[in-house]
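Structural overview for review
Read off the chains here:
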Amino acid sequence: MLVACLGDVMLDVIVELPHGLTTDDDTPAEIDFSAGGQAANVATWVTALGGRARVFGPRADTGPGHLVEDALTGHGVEVWGTTTGRTGAVVSLVTGGTRSMASDPGDLSWLEEVRSGAWLDGADWLFVSGYALLRTPDPQRVVETAAVARAHGTRVAVDLSSAAMVASFGADHFSSLCQALRPSAVFATDGEWATSTGAFGAGGNTVLVLKHGERGASFVLDGVTDRRAALAGPVVDVTGAGDALAAGYLLGGADLAMTAAARCVAHRGAQPPDEP
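About the cut-offs
Residues numbered from 1 in each chain as written. Predicted model: local features only at pLDDT ≥ 70, side-chain atom pairs only at ≥ 80, totals over all residues. Heavy atoms only, no water. Buried < 20%, exposed > 50% of the residue type's maximum accessible area, 1.4 Å probe, protein only. Helix = DSSP H or I, 4+ residues; strand = E, 2+ residues; numbered from the N terminus. Pairing = 2+ DSSP bridges. Salt bridge = Lys/Arg side-chain N within 4 Å of Asp/Glu carboxyl O.

Quick look at the pairing of strand β13 (residues 207–211) now. Of all five residues in β13, five are buried; the element is thus mostly enclosed. Both faces of β13 are covered, namely the face carrying Val207, Val209 and Lys211 and the face carrying Leu208 and Leu210. Where β13 lies against strand β14 (residues 217–221), five bridges are found, and the strand directions are antiparallel. When the bridges of β14 are listed, Val209 appears paired with Phe219. Two successive antiparallel strands, β13 and β14, enclose a turn made up of five residues, where Gly213 displays a positive phi of approximately 70 degrees.

If you want it as C-alpha cells, here you go:
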C-alpha cells in the first residue's frame, strides 16, 4: 500500500529532562536530532510498518535540511517538493512521559507549489496534515489537489493537527476546508475535535479516529464506536504517537493503529527507531 503525505517536514529536537528545567541555571538533559513534522512522521511510520510512502513538503537547502531529508530517505520515504530557505524545527521538552512543544514552521514558500502530480501516482491514500491547511495562503490548492487524487481512486485522510491553531484560524472556516477535502478518514485529539463545527467524520462512510492519549483511541463509523484501550507497555516519550497511530490505521485499521502507537511511545522521539 502506498500513502502520499502532504505537510510539514522539519528538524525535530527532542530534549529529555528527567527532573524538569532549572530556572536561570544549567539543566542536565539528553538531546537528540531527527526528522520530524506530522507529514514526515506519518510517512516514516508507514514504511516502518511495511507500506510505501511519499511526502510532499519543504526541502530546505541547508545543513539541517539535508539532515532531515537524509533521515527520511534512509527510512525508505520518497521526498517530493520544492527547495525552500530556512528549515522548520520543532523542539519537544519531555519530562516524565509528558511533552511541551515549541514549533517554528520555517520558510512556508513551498505551500505555493502544492499541486497534484507524479507524487500522487498510484497512491492508495493521501494524508493531509491540518498544518498545511492552517498555514497555506491559498487553501484551495490543497482542496484541488485532494479532488484530483480522489478522481484517480485515492482516498483522502486529514488530521486536524492543532486545537489552538484551529481556534486562531477560525473553526468554521477550517471545518469547511476539511469538509471540502471529502475525507474518508479524519484524525483528531479530543481537544481538536471539540473545535470542529462540521459533521464530517461523524457518520456515513467517513471514519473518525479520536486520539485519547493514554486512554487509547476511538474509531467511529456510521455512528458505531469501536473504543480501544492503549496497549500495555513502557511509556518513554509520547511524541508522535498520534502520527504512528494514523499510519497504522491507514495501512491496517484499528489493530495496527494501536500497535504502532504502542511502539512509538516505547522509545524517545516521533520517528521509528533505526533497525539494529
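Picking up after the structure, the text goes on.
Further remarks concern the pattern of salt bridges. Counted by the stated rule, this structure contains 12 salt bridges. A salt bridge links Arg86 to Asp104, with the shortest nitrogen-to-oxygen separation between them at 2.6 Å. Taken together, the residues span a long stretch of sequence, with Arg86 in the loop between β7 (83–84) and β8 (89–95) and Asp104 in strand β9 (residues 98–104) at a distance of 18 residues. Residue classification places Asp104 among the partly exposed residues on the basis of a relative accessible area of 31%. Salt bridges sharing common partners tie together Glu16, Glu30, Asp32 and Arg268.

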